[in-house]
Amino acid sequence: MLFPSMLRTSGDWFADFEQLQDRIDELLSGRSMTSSIRAVGRAGAFPALNVGTSAEALEVYAFAPGIDPKSIDVSVEKGVLAISGERAAANGAAQGTKSDEPNVYASERFVGKFRRVIALPEDAEPARVEATYRNGVLKIVVPKRESSKPRQIQISSGS
Amino acid sequence: MQPQSNSTAMQTQQPQNVQNANARTAPALLPPVDIFEDAAGITLLADLPGVAREDLAIGVDGRNLTIEAPLKLGEANSLTPVYAEVRANHFRRSFELSGDLDTAKIDAGLRDGVLTLRIPKAEQAKPRRIDVRVE
């Protein structure tokens, strides 16, 4: 019996280790103690999302390859942007020359219905949302309200 | 539907030796794939969103098939990232092909960010019926 002696440590060694594990999980998953009530969350969901902001607009990139753009539904309701649709299964039998069932070696690609939501910031202008689909990436541009854009303030001389 | 079953025809492998310096600094994205086999060959589908046809590189080196492509989102305007699930700008994945596949006749197509590779079997490797002699 070699190992029991290793398990009898004075302090709460395992609790420390678990805490470290939790911290690593937290960092890797992007989860933290305090997050927005409408956080984007759900890493690993389909489609993957990247969100960026500029002075003029909020840009959302949804990595959704192999979908007919007409079947993607992008909507904004009460300040929440929703992307939904469905991706059909790759039909192996249709690609082969014979109708018999093909052997499947890997099936990692997402299949089925999806829906992802993003809470828009207060200064977003949902009336002018634009969406384009190119090379399997859906780009959604949500312009910011005129009043919230940064602007230069002229200093007048007091003479 | 067991992706990890004894796939004699084609085995997935992680990229081992990093060739270019660019890839050494940034980790590559491993695209999800579907692989299926019928009597005539193997079909591989890979999700490569944000990849343009002219940027996609498919290389066969001996029995190694490598798919490599940069992910481009178009205009590089001054965007401040707020949230990112995709944190690399490069796809790479390689596969070890078996000897019964005809690497000279690989057919590739890219549409809406999905790569379709068709790798036919070599003529002699196709299944054939063996007549049993009556003695």
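Look a little higher up for the structure.
Here is what the cut-offs are and how they apply
Residues numbered from 1 in each chain as written. Chains lettered and ligands numbered in written order. Predicted model: local features only at pLDDT ≥ 70, side-chain atom pairs only at ≥ 80, totals over all residues. Helix = DSSP H or I, 4+ residues; strand = E, 2+ residues; numbered from the N terminus. Contact = placed C-beta atoms within 7 Å. Core = buried A, V, L, I, M, F, W, Y, C linked by C-beta atoms within 7 Å. Buried ≥ 20, exposed ≤ 12 C-beta atoms within 10 Å, placed from the backbone. Pairing = 2+ DSSP bridges. Axes fitted to C-alpha atoms, helices over the stretch in contact; angles between N-to-C directions.

Draft legend 1. Region of the structure containing the overall build of chain A. When helices and strands are tallied, chain A shows 3 helices and 8 strands. Along the chain direction, N to C, the helices and strands of chain A fall in the order α-α-β-β-β-β-α-β-β-β-β. Nonlocal contacts in chain A, meaning residues at least 24 apart in sequence, comprise 53% of its contacts between residues at least 6 apart.

Draft legend 2. A look at the nonpolar core. Counting residues in each nonpolar core, the largest one holds 24 residues, and the members touching the most others are L44(B), A46(B), F91(B) and L115(B). Of all the secondary-structure elements, those providing two or more residues to this core are strand 2 (33–38), strand 3 (41–47), strand 5 (64–70), strand 7 (90–97) and strand 9 (114–120) of chain B. Excluding residues that lie within four positions of it along the chain, F91(B) makes contacts with A28(B), L29(B), P31(B), L48(B), V51(B), I67(B), E68(B), A69(B) and L71(B). Grouped together as the second largest cluster of nonpolar side chains are 20 residues, V60(A), A64(A), Y133(A) and V142(A) included.

Draft legend 3. Focus on the environment of L81(A). All names here are of chain A. With respect to the helices, strands and loops of the structure, L81 is situated in strand 4 (residues 80–87). According to the C-beta neighbour criterion, L81 is buried, with 22 such atoms within 10 Å. Sequence separation of L81 and A57 is 24 residues, and the distance between their C-alpha atoms is 14 Å. In contact with L81, not counting residues within four places along its chain, are V60, V76, V117, I118, L120, I140 and V142.

Draft legend 4. A look at the sheet that holds strand 9 of chain B. Here 5 strands make up an open sheet; going across it, the order is 5(A)-2(B)-3(B)-9(B)-8(B) and the pairing antiparallel. Where the open sheet ends on each side, the last strands, each with one partner, are strand 5 (103–107) of chain A together with strand 8 (107–111) of chain B. Direction aside, neighbouring strands of the sheet carry axes that sit 10° apart on average. Pairing between strand 5 of chain A and strand 2 of chain B: 4 bridges, direction antiparallel. Within the sheet, the bridge partner assigned to A106(A) lies in strand 2 of chain B and is I35(B).

Draft legend 5. How the structure looks around the interface of chain B and chain A. Chain B puts 37 residues into the contact, and the matching count from chain A is 33 residues. With 6 residues, the top contributor of residues to the side of chain B that touches chain A is strand 2 of chain B.

Draft legend 6. Just the environment of A28(B), in detail. All names here are of chain B. Relative to the assigned elements, A28 resides in the loop between helix 1 (21–25) and strand 2. On the basis of neighbour counts, which here come to 19 C-beta atoms within 10 Å, the residue A28 falls in the partly exposed class. Counting along the chain gives 64 residues from A28 to R92, while the straight-line C-alpha distance between them is 5.8 Å.

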